[in-house]
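A structural walkthrough
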Amino acid sequence: QVQLVESGGGLVQAGGSLRLSCAASVSIGSMYHMGWYRQAPGKQRELVAAITSGVITNYADSVKGRFTISRDNAKNTVYLQMNSLKPEDTAVYYCNARANRFSLDYWGQGTQVTVSS
């Protein structure tokens with residue numbers, strides 16, 4: 001069983017920065033996919049950023065140039081650096097992991113990010 005624990009969320013003013021962390025109970029090097037998703041009130045959960053096969057990165061168009069996903073294999077941790085935050089970034093952010101292309105997803109508990117105007 002894979003456990004994911006997110007941290008780093010909070011309240012920040014527009015234009016500010018936050019760094020989210022996702023600590024995994026297993027080697028993240030063994031994961032096919034590690035990513036960050038978010039869900040705002042009244043909206044469907046959406047992909048924010050992901051690393052697939054250890055090297056391939058994907059970003060939502062709305063965060064390109066502002067957010068950066070990275071990993072520290074020694075700490076089994078994935079990060080999401082969020083800069084130039086906007087009120088529309090307000091959401092619950094979830095960490096996601098998938099062991100291979102055929103497996104089910106594992107999810108963290110989520111961390112709230114609120115960006116004030």
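Details of the structure are given in the entry above.
The sections below set out a description of the structure shown in this document. Throughout, residues of each chain are indexed from 1 in the direction in which the sequence is written. The predicted nature of this model means local features are confined to residues of pLDDT at least 70 and side-chain atom pairs, given and counted, to a pLDDT of 80 or more, with totals for whole chains, interfaces and linings taken over all residues. Side-chain numbers here rest on the full set of heavy atoms in the structure, without hydrogens or water.

Here the focus is the packing of aromatic side chains. In this scheme Phe, Tyr and Trp rings, the latter by its six-membered ring, pair at centre separations within 6.5 Å, and the angle between planes marks the pair as stacked below 30 degrees, edge-to-face above 60, and tilted otherwise. Throughout the structure, instances matching the rule amount to one aromatic pair. Ring centres 5.1 Å apart and planes at 70° place the aromatic pair Y37 and W107 in the edge-to-face group. In this pair, Y37 is assigned in strand β4 (residues 33–39) and W107 in strand β10 (residues 105–107), connecting sequence segments 70 residues apart. Residue burial is assigned from relative accessible area. The probe radius is 1.4 Å, only protein chains are included, and a residue is buried under 20% of its type maximum, exposed over 50%, and partly exposed in between. Accessibility expressed as a relative area gives 15% for Y37, which makes it buried. Strands are runs of DSSP state E lasting at least two residues, helices are runs of H or I lasting at least four, and both sets are numbered from the N terminus onward.

Below, the discussion takes up the sheet that holds strand β3 (residues 18–24). A pair of strands is treated as paired once DSSP finds two or more bridges between them. Taken together, four strands build an open sheet; the order of strands is β1-β3-β8-β7 and the sheet is antiparallel. A strand with exactly one partner marks an edge of an open sheet, and here the two such strands are β1 (4–7) and β7 (67–72). When the angles between neighbouring strand axes are averaged without regard to direction, this sheet yields 15°. Judged from the four bridges that link them, β1 and β3 form a sheet pairing that is antiparallel. If you follow E6 over to β3, its bridge partner there is C22. Lines fitted to C-alpha atoms define the axes here, with helix axes fitted over just the stretch in contact, and angles between the N-to-C directions of these axes take values from 0 to 180 degrees.

Salt bridges are identified by distance alone: a Lys or Arg side-chain nitrogen within 4 Å of an Asp or Glu carboxyl oxygen. Enumeration over the complete set of coordinates arrives at five salt bridges. Across the salt bridge formed by R98 and D105, the nearest N and O atoms sit 2.9 Å from each other. Linked through salt bridges whose partners overlap, the residues forming this network are R38, E46, R66 and D89.

A separate point is the nonpolar core. Grouping buried Ala, Val, Leu, Ile, Met, Phe, Trp, Tyr and Cys residues that are joined through side-chain atoms within 4.5 Å yields what is termed a nonpolar core. In this structure, M34, W36, L80, M82 and Y93 are the most contacted members of the largest nonpolar core, which totals 29 residues. Counting only elements with at least two residues in this core, the list comes to β3, β4, β5 (46–52), β7, β8 (77–82), β9 (91–98) and β11 (111–116).

In this structure, S53 takes a positive phi of about 55° despite not being glycine. Along the chain, S53 turns up in the loop between β5 and β6 (56–59). Taking the relative accessible area as the measure of exposure, S53 reaches 47% and is therefore partly exposed.

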